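# Geometric and topological summary
Residues per chain, in single letters:
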Amino acid sequence: MSFEDELLGEFVVESNEHLADVENQFLAIEEMGENVDVDLVNTVFRAIHSIKGAAGFLGMTKINDLAHALENLLNMMRNLELTPTSEIVDVMLRAADRLKGLIGDIQNSNEADVSGHVAALDAVAAGQHASANASGVDAAAPAIDEPTAAVEEPVIAKATAVQPTPPMVPSTTEPEAVVETSAPPAAAADSADKQVAPATHADASIRVSVGLLDKLMNLAGELVLSRNQLMQVVGAQAGGGMEGIAARLDQITSELQESIMQTRMQQIGTVFGRFPRIVRDLGAKLNKECELLIEGKEVEVDKTIVEAIGDPLTHLIRNSMDHGVETPQARIAAGKSPQGKLHLRAFYQAGKVRIEIEDDGAGIDPRKLREKAVSKGVITPEESEQMTEREAVRLIFHPGFSMAAEVTDVSGRGVGMDVVRTNIAKLGGTVDVESTVGQGTNIVITLPLTLAIIPSLIVQVRNDRFAIPQVNIAELVRVRPQEFHERLGRVKDAEVLRLRGSLLPLVRLDAALGMQPAADAKSVVDGEGDATNIIVVESGRQQFGVVVDELHDSEEIVVKPLGRHIKDGSCLSGATILGDGHVALILDIAGLGSNQEIRSSDDKREEEHRLGVGAQEMQSVLLFTNHEHESFAVCMDVVSRIERVRSDQIDSVGGQELVQYRNSTMPIIRLEEVITAKPGERPKQVYLIVFETAGKEIGLVAPNLEDIRDVPVDFDTITFREPGVLGSLVINEHATRLVDLFNLAEIAHPDWFEAKKFDAADDGLPPLILLAEDSSFFRKQVAHMFVEKGYRVVECEDGLEAWQALESGEHEFDLIVTDIEMPNMNGFELCRNVKQSAVHAHLPVIALTSLAGSADVQHGLEVGIDDYQIKMDRDRLLNAVHNFAGQHAGNNQPRQLANA
Amino acid sequence: MATKVAPTNHERPAGEVQFATFYVGDILLGIDIRHVQEINRQLEVTRVPHARDEVRGVINLRGEVATVIDLRKVLGLPSADVTRESRNLIVNYDGEAIGLLVDRISDILTINAEQIDPPPANVRGIDGRLLTGVHTLASSIVVLLDIEEALGAASYAE
């Protein structure tokens, strides 16, 4: 069924509902005569008005005309300008019947003729009460009315019963009307035939009042609650065959609850349907051309959400049209097609609904927003400076902020975006904005599927339990006391959690909720005692960890509103009753985050770099022992995989050990052969750490694997200094040597690596690399590696230093190799500066990272980073350097140093 | 557990009004019985972070979450511990069931409207604006609480 058909179907169902009572109401009005009940007239008026409005919207002109004429009379009645008499009501009843007939055969309604009815109604309105012409249409009307009217026989009978009043003196307009009414029978008969089908068609669904559904919903909620209580009791006292019954009840309750929820679900398309028109009209008004592309109309969300999201979405679409999409001239000037594109998408994502409004317009300029925010006193100049670009763009959600350069009547009176955000937040949703200057803006709204029953995790702080909606929960992290030192830290005053290479701000729920710190509380950072439970939550782009005392079960909770005395609590979004009958408050994660001034992790990271207080860089390493008392580590980044082989699979051919592997042979290395190490154990089975270099796969024998973990990169590069060893660190009280797999391979097979070196000299200098890296360990390693390969290197400790080196003009660089995470100026900023500068824009930039996160890569591409390489993956890095330096070097062809 | 108090004022002779009376500290207070929904001793509340002082917490009132207000705080009296005699007086305030924590329930008082005197500016430390009047008994006075004022003052309604 097409969307239009669906709308039409809905219109039919709805109109029939409006008309179902209309006869009785007309008759009641008639009976009251002079003492007409204005409220009743009003009710009917609104019903007819709704039909008129919807019909007009759907282009059902005849229905619209007829409803309009009827509405007109009702309007006069409610204003007491017209006293209902039998004659008048008669005309109205006939008109209503005809209206039903038209709606019953909606597809052909536009071909029908209603002029007789309209004329009769208009005549009444004009003061010529009732009429002969109304009876004139009689002949036509019943012909089509009969089939639908069958069930309403008694009413019709009554209507005709009151009819016998003699017709009034024919009016002057009458002849006209009669002429017009001479046509209808044919059309009416025609439509009567086709009408049977739709009548049965509508039976597949019935309309139920929302009040009833709400009640069902509440009852289901109570049932869920009772079920939860029962399950707890049954869980506590097993036996007696109760479990089976309880389990069945559990299942049925869940299904019932789901089905009832389903009754409240509506397609979001009912909201989207209005936008093509809005975009069209606005386009005309603003002299802009814009195509609206809608996806995901079929996505279903709770009725309350569908109802409430309309206005915010309309506002956002208007905004995009007004501020986002440029005029055709401006677009052509910017090298875009004159017609703008507006994408409206809805889709499910992780149990939520995501709606995006994306335009390909001018984007939002963070610089302008900053200036404006400062000039309006929204933020201070200092705050403006501290702000990341993303935060600056988010200023559009700030109260009292309009993003239009000039105020228009379409949008942008400085109210709006903050209201949009507030309204969406009320629905438990979030809104965020992404924008690229010149390329467009994407507004992202995330909404829950339903508001009434939400799966939540129950947590405890002190003696109080709280519910955290599952939609907000990204993961649970448990930090054991012995890991505190590694995983928890402080950035300025804020506690943070190290999670896969990034720093997550922590919120201690007890403190956030204003509870006294527990008597035995120890700071997470220097604490001992129990493991710390951290719930990683997210709201929009914000992500942070919530520290709680205890985790309980996940429960489906029924949201109950809080009383008026507690409305101010921005950390709470409601309450629920737990299985044991106690009340638990529901935490509002967005509110909690903004209360604690948590910024998104991206922002946080950017800030850390700016302030130069970044956490220690971490490197993921694989730990193993060769000999019982000798621990080693290798960087995980360069490990292709780990294999387990039997010792008897290892053959020795001409002094080289090989293992048969996937129809080929793989050379293997033993540590004691290449570095100072005790001979490894020779158990029946060993692990092979497989890596790739010089186009070959090589296996390093590791008799015992211990662990994989993230360690800080402040390695000791002195104590165990020898070729093949990068440095050492202490892990679990053991000195552990970090070995360089590539170097090991080179030591074992120097012949494999010769091809890589530069061709023999001619004059001129080798390529000059600008290396920016804050970790001295990595800087030395990488620089050493480059120098070894014949490049010249200038080393800088951070992006700023590198930028100054560039700007000084002292050297003529061929290539920039930069770390991402650095203080003062990070790799992204450095790259952005380089690419935006006229002098240096041509320089290729290779970014080094210890973890190639896709978000970083994306960000990197945006600022113009040419290539990403993993720090410890020597071969690839050298290859990339070789390619870029060779490709670029204009004056300085890659050449070998004389002594290389 | 819950003592239902029926709103029976409709059947009273004209001019007669009933008050549920109770003690907060040693002050005898009365509330128009038509406001009173029930009295219970569900004193274990769930505390609400960041709520204002008067809010003692929330309770599960047969499936709904009701706020419990500490009447002592509203009246500006020093707080006291919950005792065996403490009760929640559940009142219906503008459609919402709200619990009032009181120290002890007393009687139902049936009096004539004429027997109510206008409140003085201050009765034993209680702001007269929170009162609808006072009624003098043989040995003491009953301070009649204006529920709208008392709860309105504590609410954040704007």
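## Description of the packing of helix α2 (residues 22-32) of chain A against helix α3 (residues 38-58) of chain A
The relative placement of two packed helices comes down to the angle between their axes together with the axis-to-axis distance. All names here are of chain A. α3 packs onto α2 with a crossing angle of 145° between their chain directions and a minimal axis gap of 10 Å. Crossing geometry of α2 relative to α3 is assigned as left-handed. Where α2 abuts α3, its residues Val22, Gln25, Phe26, Ala28, Ile29 and Met32 lie against Leu40, Val41, Thr43, Val44 and Ile48. Considered class by class, the residues forming the contact of α2 with α3 number nine nonpolar, two polar and no charged.

## Some details on the sheet that holds strand β2 (residues 16-24) of chain B
Residue and element names in this part refer to chain B. Spatially, five strands are ordered β9-β2-β3-β13-β12 in an open sheet, and the strand pairing comes out mixed. If you trace the sheet from one side to the other, it starts and ends with β9 (104-112) and β12 (131-136), each paired once. Here the average twist between neighbouring strands, direction ignored, is 30°. Examined bridge by bridge, β12 and strand β13 (residues 141-145) share five bridges and lie antiparallel to one another. Looking at β13, one finds that Val134 is bridged to Val143.

## Details of the pattern of salt bridges
Residue and element names in this part refer to chain A. Inspection of the entire model under this criterion finds 30 salt bridges over all chains. Notably, a salt bridge pairs Arg462 with Asp510, separated by 2.4 Å at the nearest N-O pair. Taken together, the residues Arg462 in the loop between β8 (453-461) and β9 (464-469) and Asp510 in helix α24 (residues 509-512) connect sequence positions 48 residues apart. One connected set of salt bridges, linked through shared partners, spans Glu295, Arg345, Arg354, Glu356 and Glu358.

## Some words on the pairing of strand β30 (residues 768-772) of chain A
Residues and elements named next belong to chain A. Where burial is concerned, most of β30 is hidden: five out of the five residues are buried. The alternating pattern of β30 places Leu768, Leu770 and Ala772 and Ile769 and Leu771 on opposite faces, both of which are buried. Here β30 pairs with strand β31 (residues 792-796) via five bridges, running parallel. Each residue of the ladder has a partner; that of Leu771, found in β31, is Glu795.

## Here's the deal with the sheet that holds strand β2 (residues 290-295) of chain A
Residue and element names in this part refer to chain A. Overall, mixed pairing links the five strands, which are arranged β2-β4-β5-β7-β6 in an open sheet. Pairing within the sheet leaves two strands with one partner each, and these edge strands are β2 and β6 (430-436). Sheet twist, expressed as the average angle between the axes of neighbouring strands with direction ignored, equals 15°. Across the face of the sheet, helix α17 (residues 303-324) comes into contact with β2, β4 (340-349), β5 (352-359) and β7 (440-448) while running at roughly 20° to β5.

## Some details on the side chain of Arg670 of chain A
All names here are of chain A. Positionally, Arg670 belongs in the loop between β24 (664-669) and α27 (671-674). Judged by its relative accessible area of 7%, Arg670 falls in the buried class. Those residues within four positions of Arg670 in sequence are excluded, and the remaining contacts are Ile650, Glu657, Arg682 and Val701.

## Describing helix α31 (residues 827-836) of chain A
Residue and element names in this part refer to chain A. All of the buried residues in α31 are Gly827, Phe828, Leu830, Cys831 and Val834. Within α31, the buried residues cover an arc of 160° as seen down the axis, which keeps them to one side. Here α31 starts with a cap whose side-chain oxygen sits 3.0 Å from the backbone nitrogen of Phe828, and that cap is Asn826.

## Brief notes about the pairing of strand β5 (residues 55-61) of chain B
Residue and element names in this part refer to chain B. Here β5 lies mainly inside the structure; six of its seven residues are buried. Where β5 meets strand β6 (residues 64-70), six bridges bridge the pair, whose relative direction is antiparallel. Opposite Leu61, over in β6, you have Glu64 as the bridge partner. Here β5 hands over to β6 after two residues, with Arg62 in that stretch at a positive phi of 45°.

Cut-off values and rules
- Residues numbered from 1 in each chain as written.
- Chains lettered and ligands numbered in written order.
- Predicted model: local features only at pLDDT ≥ 70, side-chain atom pairs only at ≥ 80, totals over all residues.
- Heavy atoms only, no water.
- Axes fitted to C-alpha atoms, helices over the stretch in contact; angles between N-to-C directions.
- Helix = DSSP H or I, 4+ residues; strand = E, 2+ residues; numbered from the N terminus.
- Left-handed = near helix turned anticlockwise from the far one by under 90°.
- Contact = heavy atoms within 4.5 Å.
- Nonpolar A, V, L, I, M, F, W, Y, C, P; charged D, E, K, R; others polar.
- Pairing = 2+ DSSP bridges.
- Salt bridge = Lys/Arg side-chain N within 4 Å of Asp/Glu carboxyl O.
- Buried < 20%, exposed > 50% of the residue type's maximum accessible area, 1.4 Å probe, protein only.
- Arc of directions from axis to C-beta.
- Polar contact = N/O pair within 3.5 Å; in protein donor to acceptor, adjacent residues only side chain to side chain.

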